[in-house]
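A closer look at the structure
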Amino acid sequence: MVSSNLAHAATVKPRPTDLELVALNGMFDEKDGLSVLRHALNEDISPNSIAMVSSFGADSSVLLHMVAQINPHQEVLFLETGKHFAETLEYVEMMKKHLGLTNVRFLEPDTKDVERFDAKGDLWQTDPDSCCHIRKTEPLDAALKNYGGWVTGRKRFQTNDRGVLPHFELTTDDRIKVNPLAYWDNDDVKAYREAHDLPAHPLFLKGYLSIGCAPCTSMVKDGEDPRSGRWRGKDKTECGIHFDVSGKIANPGAELEQSQMNLFKDGAFIADNWRDLQEDEALNDLHHVHIPLSVYVDNKSEVDAQQGAVGILLQAGDDVDALGENAKRFASIVVEFPAFTDGRGYSYARLLRERYDYTGELRARGDILTDQVPYFQRCGFDALTVGNAATRKALEENDLGEVSIFMQPIGASAEVPVGTRPFLRRAK
Ligand code: SF4
């Protein structure tokens, strides 16, 4: 059945650019979840409509109540993993009646996948990432195929990984995740539930503060993090449906070779979902493509009109001032280091960060040697494309030296470069 939510898809505008998304996030008060949700479901923020997904867990009643106020016939997707508590399935039915929700759709795993990978039903124990993949990620991906994004109940306070969660975020496959409760805490949820007299999940009353599948959920003791009862004792905090396509979640259908995970960022090697513009490639419908500066300069209006995330490739000899303030329009800038002895890229980085206030991703690329890494970081690079095996090992083991000698200070730092004579230092 085709969702009625898709009916107007053909007439809507393209999904927002990165800058439009920043503006969108600025439109709403931090705690005004209802307005965020209404905007996501009623306005054309994406080429296709935004899906509503609910776990019918401990905190779900708040978003479900908001949806019922906006449109009780809104399709609500529920992942029926086959591993839920009986109480959760009862709660789904109870909430449907209580809120008058008419269109809750169950998403079930592919029976062939379950037979093939989890015939004994114990995959949650032996390989929980794969279990979540076949029971959650794949069914959700299939259901979301025609949607421009989806609504989640995630909140900033829940885990460290979620600490910077915005209301609207772009995924690397150009969809939008909407988090109306991003800024809410437990007190906000409790107050809303009480104000609207919302029924609690039966297990919440028994001490389950975050409720997922039965085998992977345990009670939480007083003072424990509410999510500590999920996958207790396992090195896992998310089910995978919330990771981006470049994230770290295991994907049995598309396992990446280690050599493909060559982008070092935020302390780990991850898959690189960007590529360089090909010679003679048309400048349309580009997504996650680094465009040489010279091509940008010659085709500025075409590049600026791109809706997808685009970046700039700076090569040795390029004039960074030709990019100037326009740098802020780009999600990523990659700087080529053609040789160990070529230091021009360091200057490019500092110009971008210090003169042009560029805050996006800034990556260094080339045959990067271990000794260079601290200097890259010092100049403002926050990502490295690493091919050199020794450098890779040093990064994996966090075995990097510190910068103790330098010839130039950075930014507004009070550092004194080596060789500077005291009488030549500026008076403060
Ligand atoms: S939460 Fe547990 S049982 Fe549910 S899909 Fe993930 S690993 Fe499997």
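Residues numbered from 1 in each chain as written. Predicted model: local features only at pLDDT ≥ 70, side-chain atom pairs only at ≥ 80, totals over all residues. Heavy atoms only, no water.

1. Notes on the overall build of the protein
- Within the protein one finds 13 helices and 14 strands.
- Taken across its 428 residues, the protein has 48% of its residues classed as buried.
- Here the protein has roughly 21700 Å² of accessible surface; of this, 49% comes from carbon and sulfur atoms. (Helix = DSSP H or I, 4+ residues; strand = E, 2+ residues; numbered from the N terminus. Buried < 20%, exposed > 50% of the residue type's maximum accessible area, 1.4 Å probe, protein only. Areas by Shrake-Rupley, 256 points an atom, 1.4 Å probe, with all protein chains shown as cover.)

2. Structural notes on the sheet that holds strand E14 (residues 383–386)
- A sheet is described by the order of its strands in space; here 8 strands give the open sequence E8-E7-E14-E13-E12-E11-E10-E9, paired in mixed fashion. Every other strand in the sheet has two partners, leaving strand E8 (268–270) and strand E9 (275–276) as the edge strands with one partner each.
- Sheet analysis places strand E13 (residues 361–366) next to E14, joined by 4 bridges and oriented parallel. Paired with Gly-366 across the strands is Val-386, a residue of E14.
- Relative to strand E12 (residues 332–337), helix H11 (residues 344–355) is tilted by about 160°, and along the sheet it contacts strand E11 (310–314), E12 and E13.
- Across the sheet, helix H13 (residues 389–396) is in contact with strand E7 (263–265), E8 and E14; its angle to E14 comes to roughly 140°. (Pairing = 2+ DSSP bridges. Contact = heavy atoms within 4.5 Å. Axes fitted to C-alpha atoms, helices over the stretch in contact; angles between N-to-C directions.)

3. Considering the pattern of salt bridges
- Per the stated rule, a full pass over the model turns up 20 salt bridges.
- Note that Glu-361 is salt-bridged to Arg-363, the shortest N-O span being 2.7 Å. When sorted by exposure, Glu-361 lands in the same class as Arg-363, which is buried.
- Via salt bridges that share partners, Asp-59, Lys-155 and Arg-193 belong to a single interconnected network. (Salt bridge = Lys/Arg side-chain N within 4 Å of Asp/Glu carboxyl O.)

4. Considering the site of the ligand
- The environment of the ligand is made up of 10 residues, and the closest members are Pro-128, Cys-131, Cys-132, Cys-213 and Cys-216.
- Counting residues per element, the shell around the ligand draws most heavily on helix H7 (residues 128–144), which supplies 5 residues.
- When the residues that make up the shell around the ligand are grouped by side-chain class, the tally is 7 nonpolar, no polar and 3 charged. (Near = heavy atom within 4 Å. Nonpolar A, V, L, I, M, F, W, Y, C, P; charged D, E, K, R; others polar.)

5. Here we look at the packing of aromatic side chains
- Per the counting criterion, the structure on display carries 11 aromatic pairs.
- Taking 5.2 Å as the distance between ring centres and 65° as the angle between the ring planes, the aromatic pair formed by Phe-337 and Tyr-346 counts as edge-to-face. Taken individually, Phe-337 and Tyr-346 each receive the classification buried, so the pair is uniform in this respect.
- Ring centres 5.4 Å apart and planes at 25° place the aromatic pair Tyr-346 and Phe-376 in the stacked group. Residue Tyr-346 is found in helix H11, and its partner Phe-376 is found in helix H12 (residues 373–379); the two are separated by 30 residues along the sequence.
- Residue Phe-376 is classed as buried on the basis of its relative accessible area of 1%.
- Put simply, the rings of Phe-337, Tyr-346, Phe-376 and Phe-381 touch in pairs and so form one group of aromatic residues.
- A cation sits over an aromatic face here: Arg-193 above Phe-204, 4.6 Å from the ring centre.
- The cationic tip of Arg-329 hangs over the ring face of Phe-330; the distance from NZ or CZ to the ring centre is 5.3 Å. (Phe/Tyr/Trp six-rings, centres within 6.5 Å; stacked < 30°, edge-to-face > 60°. Lys NZ or Arg CZ within 6 Å of the ring centre and 35° of its normal.)

6. A short note on the environment of Ala-383
- Assignment of secondary structure puts Ala-383 in strand E14.
- Distance in space between the C-alpha atoms of Ala-383 and Gly-267 is 9.3 Å, their sequence separation being 116 residues.
- When sequence neighbours within four positions are dropped, the list of residues in contact with Ala-383 reads Leu-263, Phe-264, Lys-265, Glu-361, Leu-362, Arg-363 and Ala-364.

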